[in-house]
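Descriptive structure summary
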Number of protein chains: 2
Amino acid sequence: MSERRYDPTHDEWVTFATNRQDRTYKPPAAACPLCPTRPGGPETEIPREHFEVAVFDNRFPSLTTTPPEPDIAGTDLVPVEPAYGHCEVVVFTDDHDATLASVGTQRIRLLVDAWADRFAALAADPRIAYVLPFENKGEAVGVTLHHPHGQIYAYPDVPPRPAREQRAAAKHRDRTGRCVFCDVVAQETGGPRVVVEGTHFLAGVPPWARFPYEIDIWSRAHVGTIPELDAAARDDLARVLARVLAGYDAFFGIRTSYLLGIHSAPVGGSGPEADPTLGHLHLEICPPHRGEGKLKYLAGSETFGGAFLTDVAPEVAGPRLRAAAADVEVPA
Amino acid sequence: MSERRYDPTHDEWVTFATNRQDRTYKPPAAACPLCPTRPGGPETEIPREHFEVAVFDNRFPSLTTTPPEPDIAGTDLVPVEPAYGHCEVVVFTDDHDATLASVGTQRIRLLVDAWADRFAALAADPRIAYVLPFENKGEAVGVTLHHPHGQIYAYPDVPPRPAREQRAAAKHRDRTGRCVFCDVVAQETGGPRVVVEGTHFLAGVPPWARFPYEIDIWSRAHVGTIPELDAAARDDLARVLARVLAGYDAFFGIRTSYLLGIHSAPVGGSGPEADPTLGHLHLEICPPHRGEGKLKYLAGSETFGGAFLTDVAPEVAGPRLRAAAADVEVPA
């Protein structure tokens, strides 16, 4: 079962992939499917003894290029369709015990190239409207495979959250004639919430942070997607991201759990939500930590209201994270 | 600090309440602030030796009727305003170790009356646009006070999720002339996803369930809010809800964790999102469980895409939950 069903009460699609119920769940390190295939060891997903960055199709995908016919017939009220799309796994180290914060700036630079290559390849599929690279990091956010890795999903439409960004950007452009993210960069540069100032990218706690220690990384230039970045901009993104992640670990004193997502311009679709000129490349990084040993949970107000509550002021979180990121030694 | 900031990149408000950082965190049972005040014991929030249902203002509110001036000045890009609203606590038993599933149908019937009374009182505040009763249940969803209780938030605008429902309902009405929830009730009644069939309310796994074992409880009649329900409808809601919750515990074999929210017609606000005739009373109950010992986490696709992935078919979950709810003995 790999199908999408339309929720007419929220005007959204929900994806069902029942094969994922059987996905690999917290395997012991010796059975890790993302480790290299070593002589005499088990055959893993990666048929190499060593690698730097490896990308392959998710064995338990939510979206696939060959979805079966849906289980149930759709109705006029609840249309159902095969869940077309791509789900890729991006492994960025062959070291089972590393993290993206520990692999070093050079490796993150290579990862930026891998994101760019895969983004371009997935965007070239005419049935794809939106490409979302992300990383779920740590048990606190539910990770079931500990070997450090990210994922890339390619959706057949612009999903609800990016669609909301597109509508918000259109509203701002209608009102001011400008890109809302360009205005955010102009407002935040040099301000109290900045965490790392790069030449091409700016990292800061957004004034409206939904998570107490959320950091967004905005392209300073109005660029829609990673493939459009030149070498200097990619170098800078790698440096800024490496410092932000190392700073988190220094600040929290642990291997920080987080969700990281990259929002880009849509690559297909129709209607105002698909306007690629509205898209402005940025990363959002959301650790679930709200204090020592305390996690932020999305509860009643967030789930049923969509109304986020935060209990740390961005003007407090920003300087804390900036100090941690400034002092930390970032692995090369 | 109790303020709302506008996120211009998502066209949403986020609430900051830094006093909540100090809120009571998993106190021992002997120091429970929601237990009755017993002779010789500590003074709790409830100055009675016994009670059935108690409602009072949250001591650590996110929204308040007397918010201080904001910490920072807003800008044209990111307006900031005091976080006006109400946050109430609803304790529905004086038994520290009970649950809503265990207190019995009669107590839930009283709770329905309490919801109705408080809804009407909060809706009467001309600055309130939306009233959201909810319950966060269990450590798996981050509950910090174990004594069984729910909450009611009253917002100064229609928050993002109900606003999305209102727009979806308007879209459906424009297309068909009918209420989308009335159409859902007509489609689901007697079908494979029904869990409990009441006379006034229908409980079922929605065909688009975002959580594997989500159950929604829809009013059969096009009613907007709990205060509008007559005694027979309130009786039925109490019976259906009691059986649904008892069924969960029987099915999972544990005290089920869940988020429960009640969506109603808006009571204020402006624009199409505020049209009260679009609202159709329903409850959404979302347990985080996806299998034995396994939790569903909202990760990259949900957080950055707003695109939900589910790995249990509603046609599988529905019959399982219906069988559990049919067989269970529901406390009177």
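Computed from a predicted model, the values in this text were never measured in an experiment. (Residues numbered from 1 in each chain as written. Chains lettered and ligands numbered in written order. Predicted model: local features only at pLDDT ≥ 70, side-chain atom pairs only at ≥ 80, totals over all residues. Heavy atoms only, no water.)

1. Overview of the overall build of chain A
We count it as follows: Here a helix means four or more residues in a row that DSSP labels H or I, a strand means two or more in a row labelled E, and each is numbered from the N terminus. We call two residues in contact when some of their heavy atoms are within 4.5 Å. Only the protein chains shown count as cover for residues, and all accessible areas are computed by the Shrake-Rupley method using a 1.4 Å probe. In this tally, Lys and Arg are treated as positive and Asp and Glu as negative; His is ignored, and so are the chain termini. For charged residues, the charge sits on one atom: NZ in Lys, CZ in Arg, CG in Asp, CD in Glu.
Assigned secondary structure in chain A consists of six helices and 15 strands. Dimensions of chain A, computed from C-alpha atoms along their principal axes, come out at roughly 60 × 55 × 40 Å. Relative to all contacts within chain A whose residues are 6 or more apart in sequence, the contacts with residues 24 or more apart total 69%. With the model as given, the accessible surface of chain A reaches about 12200 Å², and the carbon-plus-sulfur share is 51%. Looking at charge distribution, chain A has the averaged site of its 32 positive side-chain charges lying 4 Å from that of its 45 negative ones.

2. What to know about the sheet that holds strand β8 (residues 194-197) of chain B
Whenever strands of a sheet pair, they do so through backbone hydrogen bonds, lying parallel or antiparallel. Residues and elements named next belong to chain B. Threshold: A strand pair is defined by DSSP finding two or more bridges across the two strands. Fitted lines through C-alpha atoms give the axes, limited to the stretch in contact for helices. The angle between two N-to-C directions lies from 0 to 180 degrees.
Reading across from one edge, β3-β5-β7-β6-β11-β12-β10-β9-β8 is the order of the nine strands in this open sheet, with antiparallel pairing throughout. In this open sheet, the two edge strands, each paired with only one partner strand, are β3 (54-57) and β8. Averaged over neighbouring strand pairs, the angle between their axes works out to 20 degrees when direction is ignored. Along the sheet face, helix α2 (residues 160-176) touches β6 (130-137), β11 (258-263) and β12 (282-286) and points at about 50 degrees away from the line of β11. Sitting on the sheet, helix α6 (residues 314-327) touches β8 and β10 (215-219), and the angle it makes with β8 is about 35 degrees.

3. Regarding unusual backbone geometry
Residues and elements named next belong to chain A. To keep it simple, the criterion reads: Remark: exposure states derive from per-residue accessible area (1.4 Å probe, protein chains only) relative to the maximum for the residue type, with buried under 20%, exposed over 50%, and partly exposed in between.
With phi around 55 degrees, aspartate 11 is a residue other than glycine that occupies positive phi space. Checked against the element boundaries, aspartate 11 lands in the loop between β1 (2-7) and β2 (12-17). Residue classification places aspartate 11 among the partly exposed residues on the basis of a relative accessible area of 26%.

4. Quick look at α6(B)
Spelled out, the test is: A helix's residues, less one, multiplied by 1.5 Å, set its expected span.
For α6(B), which comprises 14 residues, the first-to-last C-alpha distance of 20 Å matches the rise-based estimate of 20 Å (1.5 Å per residue) to within 8%. Along α6(B), the residues that are buried comprise Pro314(B), Glu315(B), Ala317(B), Gly318(B), Leu321(B), Ala324(B) and Ala325(B). Lining the buried residues of α6(B) we find β1 and β2 of chain A together with β8, β10 and α4 (231-252) of chain B.

5. A word on the environment of Pro61(A)
Residue and element names in this part refer to chain A. For proline 61, the location among the structural elements is in the loop between β3 (54-57) and β4 (80-82). Exposure remark for proline 61: the relative accessible area of 16% places this residue in the buried category. The spatial distance from the C-alpha of proline 61 to the C-alpha of arginine 127 is 17 Å, given a sequence separation of 66 residues.

6. Quick notes on the packing of aromatic side chains
Quick note on the threshold: Classification of ring pairs rests on two measures: the distance between centres of Phe, Tyr or Trp rings, Trp counted by its six-membered ring, which must be within 6.5 Å, and the angle between planes, read as stacked under 30 degrees, edge-to-face over 60 and tilted in between.
What the rule picks out here adds up to 16 aromatic pairs over all chains. Their ring planes at 50 degrees and their centres at 5.2 Å tell us that Tyr213(B) and Phe251(B) sit as a pair that is tilted. Of this pair, Tyr213(B) sits in the loop between β9 (201-204) and β10 while Phe251(B) is found in helix α4, placing the two residues 38 residues apart along the sequence. Since its relative accessible area comes to 28%, Phe251(B) is described here as partly exposed. In textbook terms, an aromatic cluster arises when at least three aromatic residues are bridged by ring pairs, as seen for Tyr213(A), Tyr248(A), Phe251(A) and Phe252(A).

7. A word on the sheet that holds strand β8 (residues 194-197) of chain A
All names here are of chain A. As summarised here, the arrangement of the nine strands in space is β3-β5-β7-β6-β11-β12-β10-β9-β8, forming an open sheet in which the pairing is antiparallel. Each edge of the open sheet carries a strand with a single partner, namely β3 and β8. Between one strand axis and the next, the sheet turns by 20 degrees as a mean value, whatever way the strands run. Bridging between strand β11 (residues 258-263) and strand β12 (residues 282-286) involves five bridges; their strand directions are antiparallel. If you follow isoleucine 262 over to β12, its bridge partner there is leucine 283. Running over the sheet, helix α6 (residues 314-327) touches β8 and β10 (215-219) and is turned about 35 degrees from β8.

8. As for the relation of the copies chain B and chain A
What counts here: The copies were overlaid by least squares, fitting only the C-alpha atoms of residues that reach a pLDDT of 70 or more in each copy.
Least-squares fitting of chain B to chain A yields an RMSD of 0.0 Å, with the transformation described by 0.0 Å of translation along the axis and a rotation of 180 degrees. Taken together, the rotation and translation relating the two chain copies correspond to the operation of a two-fold axis. Among all C-alpha atoms of chain B, that of Leu298(B) lies closest to the rotation axis, at 4.5 Å. A symmetric contact is evident, with 100% of the interface residues of chain B recurring at the interface of chain A.

9. Focus: the environment of Asp76(B)
Structurally, the position occupied by Asp76(B) is in the loop between β3 and β4 (80-82). Overall, Asp76(B) belongs to the exposed group, its relative accessible area being 54%.

10. With respect to the packing of helix α4 (residues 231-252) of chain A against α6(A)
Residues and elements named next belong to chain A. Inclusion rule: Note that the term roughly parallel is reserved for angles under 35 degrees, roughly antiparallel for angles over 145, roughly perpendicular for angles of 65 to 115, and oblique for everything else. Gly is put with the polar residues, along with every residue not named as nonpolar or charged; the nonpolar set is Ala, Val, Leu, Ile, Met, Phe, Trp, Tyr, Cys and Pro, and the charged set is Asp, Glu, Lys and Arg.
In the contact formed by α4 and α6, the axes pass within 8 Å of each other and the chain directions differ by 105 degrees. Compared by their axis directions, α4 and α6 come out roughly perpendicular. Judged by residue contacts, Arg243, Gly247, Tyr248, Ala250 and Phe251 of α4 engage Arg320, Leu321, Ala324, Ala325 and Ala326 from α6. Considered class by class, the residues forming the contact of α4 with α6 number seven nonpolar, one polar and two charged.

11. Concerning the pattern of salt bridges
Short version of the rule: Should a side-chain nitrogen of Lys or Arg be within 4 Å of a carboxyl oxygen of Asp or Glu, the pair is scored as a salt bridge.
Taken as a whole and judged by the stated rule, the model has 50 salt bridges over all chains. A salt bridge links Arg234(A) to Asp113(A); the shortest N-O distance between them is 2.7 Å. A residue pair is termed long-range when its members are at least 10 positions apart, and Arg234(A) in helix α4 and Asp113(A) in helix α1 (residues 105-123) qualify at 121 residues. Asp275(B) is the salt-bridge partner of Arg173(B), the closest N and O atoms lying 2.9 Å from each other. Residue Arg173(B) is found in helix α2, and its partner Asp275(B) is found in the loop between β11 and β12; the two are separated by 102 residues along the sequence. A relative accessible area of 31% means that Arg173(B) is categorised as partly exposed. Within this structure, Glu3(A), Arg5(A), Glu188(B), Arg193(B) and Glu315(B) form a network of salt bridges that share partners.

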